[in-house]
Amino acid sequence: MHFLLRKTGYGLLVLLGVVVLVFLLFNVLPGDPARLTLGQRADVASLENVRRELHLDQPLPMQFLLYLNDLSPVAVHNEQEAREKLHYITVMHVSKCSILVLKTPYLRRSYQGRKDVWEILTEALPGTLLLAVAAMLFATVAGIALGILSAVKQHTWMDTGAVFASVLGISAPSFFTGIVLAYLFGFVLSNYTGLHMTGSLYDVDPFAGRILNLRNLVLPAVTLGIRPLAIIVQLTRSAMLDVLNQDYIRTAYAKGLGRRAVLWKHALRNALNPVITAITGWFAELLAGAFFTEYIFGWKGIGKVTVDALEKFDFPVLMGAVLFTAGIFVIINLLADILYSIVDPRIRL
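Residue positions are counted from 1 within each chain, in the order its sequence is given. Given that the model is predicted, a residue must reach a pLDDT of at least 70 before its local features are reported, and side-chain atom pairs must reach 80 or more before they are shown or counted; all residues, however, enter totals for whole chains, interfaces and linings. To obtain the side-chain values, all non-hydrogen atoms of the structure were used and water was disregarded.

Next up on the list: the pattern of salt bridges. One speaks of a salt bridge when a side-chain nitrogen belonging to Lys or Arg is within 4 Å of a carboxyl oxygen belonging to Asp or Glu. As enumerated under the stated definition, the model contains five salt bridges in all. Where R108 meets D70, a salt bridge forms, and the shortest distance between an N and an O atom there is 2.8 Å. A residue pair is termed long-range when its members are at least 10 positions apart, and R108 in the loop between β3 (98-103) and α6 (117-152) and D70 in helix α4 (residues 60-71) qualify at 38 residues. Between buried and exposed lies partly exposed: a residue is buried under 20% and exposed over 50% of the maximum accessible area for its type, with that area taken using a 1.4 Å probe on protein chains only. Given the relative accessible area of 5%, D70 is considered buried. The secondary structure listing takes helices from DSSP runs of H or I that are at least 4 residues long and strands from runs of E that are at least 2 residues long, numbered from the N terminus.

Pairing of aromatic rings covers Phe, Tyr and Trp, the last counted by its six-membered ring, and requires centre-to-centre distances within 6.5 Å; plane angles under 30 degrees mean stacked, over 60 mean edge-to-face, and any other angle means tilted. One pass over the full model with this rule turns up six aromatic pairs. When the centroid spacing of 6.4 Å and the interplanar angle of 65° are considered together, the rings of Y111 and F315 count as edge-to-face. With Y111 in the loop between β3 and α6 and F315 in helix α15 (residues 315-343), this residue pair connects regions lying 204 residues apart in the sequence. For F315, a relative accessible area of 5% corresponds to the buried category. Among the aromatic residues, ring-to-ring pairing joins F23, F64 and Y67 into one connected group.

Looking now at the packing of α6 against helix α7 (residues 157-171). Packed helices, taken two at a time, are described by the angle between their axes plus the distance between the axes. With axes taken as lines fitted to C-alpha atoms, and helix axes fitted only over the stretch in contact, angles between N-to-C directions fall between 0 and 180 degrees. Two elements in contact, α6 and α7, have axes separated by 8 Å at closest approach and are oriented at 140°. Regarding the angle of α6 to α7, the classification is oblique. Between α6 and α7 lies a crossing whose hand is left-handed. Contacts between α6 and α7 involve L146, L149 and S150 on the former and, on the latter, M158, D159, A162 and V163. Looking at side-chain class alone, the contact of α6 with α7 contains five nonpolar, one polar and one charged residues. What sets the label is the angle itself: under 35 degrees gives roughly parallel, over 145 gives roughly antiparallel, 65 to 115 gives roughly perpendicular, and the rest give oblique. Rotating anticlockwise by less than a right angle from the far helix to the near helix defines a left-handed crossing, while the corresponding clockwise rotation defines a right-handed one. Note on definitions: a residue-residue contact is assigned when non-hydrogen atoms from the two residues lie within 4.5 Å. Lys, Arg, Asp and Glu make up the charged group, whereas Ala, Val, Leu, Ile, Met, Phe, Trp, Tyr, Cys and Pro make up the nonpolar group; the residues left over, Gly among them, are polar.

The next thing to look at is unusual backbone geometry. A positive phi is found at R108, a non-glycine position, where the angle reads about 70°. On the accessibility criterion, R108 (15% relative accessible area) is buried.

Buried Ala, Val, Leu, Ile, Met, Phe, Trp, Tyr and Cys residues form a nonpolar core when they are joined through side-chain atoms within 4.5 Å. In this structure, Y67, L131, M136, I232, M240, L286 and L323 are the most contacted members of the largest nonpolar core, which totals 69 residues. In contact with I232, other than residues within four places in its own chain, are M136, A139, T140, G143, I144, V275 and I279.

Another aspect to go through is the sheet that holds strand β2 (residues 88-93). Strands belonging to one sheet form pairs held by backbone hydrogen bonds; the direction of such a pair is parallel or antiparallel. DSSP calls a pair of strands paired once it identifies at least 2 bridges connecting them. Here we have three strands laid out as an open sheet, ordered β1-β3-β2, and antiparallel in their pairing. The open sheet terminates on both sides in strands that have one partner only, identified here as β1 (74-78) and β2. The sheet shows a mean angle of 40° between the axes of neighbouring strands, taken without regard to direction. Strand direction decides the pairing type here: β2 and β3, joined by five bridges, are antiparallel. Within β3, the residue paired with T90 across the bridge is V101.

A separate point is the packing of helix α1 (residues 2-28) against α4. Between α1 and α4, whose axes approach to 11 Å, the crossing angle comes to 130°. By the angle between their directions, the pair α1 and α4 is classed as oblique. Two packed elements cross with a definite hand, and for α1 against α4 that hand is right-handed. Between α1, through L16, V19, V20, F23 and N27, and α4, the contact on the second element is made entirely by L60, Q63, F64, Y67, L68 and L71. Split into classes, the residues belonging to the contact of α1 with α4 amount to nine nonpolar, two polar and no charged.

This next bit is on the side chain of D70. Polar contacts involving the side chain of D70 include one to the side chain of R108, which spans 2.8 Å. Look past the residues within four positions of D70 in its chain and what remains in contact with it is H77, K103, P105, Y106 and R108. In protein, a polar contact requires one atom able to donate a hydrogen and another able to accept it; more generally it is a pair of N or O atoms within 3.5 Å, and residues adjacent in sequence count only if both atoms are side-chain atoms.

With respect to the element layout, V330 can be found in helix α15. Distance in space between the C-alpha atoms of V330 and G11 is 5.7 Å, their sequence separation being 319 residues. Setting aside residues up to four positions removed in sequence, V330 forms contacts with G11, V14 and L15.

Below is the structure:
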């Protein structure tokens, strides 16, 4: 329990640091949020109303405190404002107009369309999660299999080929790999592969409505999974070679166990610690780093939403996406620490 509380405390401190940096960064960028919301032809009265709504008429420290109040799951809000903007449960009345509420973090509203940022991100999250899970599944299964094969067939062409391919995978940036795969398999060989250069999870048909199309997942998942696959191959190979030289492996062979039983029941289980760490860490990075991949393939997810918001200077969506991604990253790393402490209890010490 102490281990869990300590890790949770570290995660909250990281999130607080991210909030401070994000707030300061987006408050020094050029551009008037009121103008971005209403357009260049807005009248003075409308601009003043929007500035008041966004708390831009307050000093910067007060703006930050109000932003923290919006983000906090437990906060004090004006009752009428809470009804209009928040998803909340009333805890108690603080004053005649103010209430203490338990709520989802309020990330404010998009400048474009005035839609709640939380809704925009939660709509895009399933696409990013599906893409990250598919990429990590591909990387894990293929990476562990190639790592084991490389260790068992050490100093053969299989070992050399696996190591060369992993080095190539690490070296190639995802955006370059994505462009090459999209052009080659989604355009040049499209008639044979049945794949397309761009596309999201659902295709929209004017008559049939939304149609599920899992083929659009293949190229972005492979693109996103190549780099973690390369890391997993090398980690699995290194860990397996180290474990296969241990005394208990020789003892297992001496007892008459077959090679398959020794590899799967004894060697692989003890070689998985660094691999588990890499898998969980890379899964968090895939969620945070799918921006270019989603943009290249037109995959609807948090990455594409963020890039679109950046093009339109939609600061609330940008800030919300950064904080949302940081929160996911912290949660996944916390789960990784817990999983690692279960696999190897010495970590708790």
